[in-house]
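# Results of the structural survey
What follows is each chain in one-letter form.
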Amino acid sequence: MVVPWLAYDDREAVTLAAAALEVKLTVEPLSIGESRESSVSRLAFEPPLGFTFDVIADDAMVRITAIWLLS
């Protein structure tokens, strides 16, 4: 069951996970999670969140494409 993360009871856990995710994606995004359909799409988890993201190396950019609560 997917629950909107803003409705999650433990908002502090979501905030901490998002902050940890930001640091990890800033430092070395290609070392996080595992690749998916293409070489730029990746899937990773930072409990209580799961997320997919694209790494655009030529532009030194990361784009989060989806984020959800783990159940």
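Here we summarise the structure given alongside this text. Bear in mind that the values here come from a model prediction, so they are computed numbers and not experimental data.

### Thoughts on the overall build of the chain
- Looking only at helices and strands, the chain has one helix and four strands in total.
- Reading the chain from its N end, one meets helices and strands in the order α-β-β-β-β.
- Across the 71 residues in the chain, those meeting the buried criterion constitute 30%.
- Long-range pairs, those at least 24 residues apart, make up 31% of the contacts in the chain between residues at least 6 apart in sequence.
- Split by element, the accessible area of the chain, about 4,900 Å² in all, is 58% carbon and sulfur.

### Some points on the pattern of salt bridges
- Counted under the stated rule, the structure contains two salt bridges.
- We note a salt bridge from R63 to D54, for which the minimum N-O separation is 3.3 Å.

### A word on the sheet that holds strand β3 (residues 49-56)
- One open sheet holds the four strands; their spatial order is β1-β2-β3-β4, and the pairing between them is antiparallel. Strand pairing shows two members of the sheet lacking a second neighbour, β1 (34-35) and β4 (61-69), which therefore form its edges.
- Packed onto the sheet, helix α1 (residues 11-27) meets β2 (41-46), β3 and β4 and runs at close to 20° relative to β3.

### With respect to the nonpolar core
- Core analysis: the biggest nonpolar cluster contains seven residues, these being L21, L25, I32, A44, F51, F53 and V55.
- The set of elements that each furnish at least two residues to this core consists of α1 and β3.
- Considering every element that reaches this core, the biggest residue donor is β3, with three residues.

### Considerations on the environment of A19
- Turning to its location among the elements, A19 is positioned in helix α1.
- Judged by relative accessible area, which is 39%, A19 ranks as partly exposed.
- In this structure the C-alpha to C-alpha distance between A19 and E46, which are 27 residues apart in sequence, comes to 9.9 Å.

### Side note on the pairing of β4
- Where β3 meets β4, eight bridges bridge the pair, whose relative direction is antiparallel. The residue bridging D54 from the neighbouring strand is R63, located in β4.
- In textbook terms, the turn of a hairpin is the stretch between consecutive antiparallel strands, and for β3 and β4 this stretch comprises four residues, one of which, A60, has a positive phi near 50°.

### Quick look at the pairing of β3
- Counting buried positions along β3 gives seven out of eight residues, so the element sits mostly inside the fold.
- Across six bridges, the pairing between β2 and β3 is antiparallel. Its bridge partner lying in β3, F45 is registered against G50.
- What sits between β2 and β3 in their antiparallel hairpin is a turn of two residues.

Parameters at a glance
- Residues numbered from 1 in each chain as written.
- Predicted model: local features only at pLDDT ≥ 70, side-chain atom pairs only at ≥ 80, totals over all residues.
- Heavy atoms only, no water.
- Helix = DSSP H or I, 4+ residues; strand = E, 2+ residues; numbered from the N terminus.
- Buried < 20%, exposed > 50% of the residue type's maximum accessible area, 1.4 Å probe, protein only.
- Contact = heavy atoms within 4.5 Å.
- Areas by Shrake-Rupley, 256 points an atom, 1.4 Å probe, with all protein chains shown as cover.
- Salt bridge = Lys/Arg side-chain N within 4 Å of Asp/Glu carboxyl O.
- Pairing = 2+ DSSP bridges.
- Axes fitted to C-alpha atoms, helices over the stretch in contact; angles between N-to-C directions.
- Core = buried A, V, L, I, M, F, W, Y, C linked by side-chain atoms within 4.5 Å.

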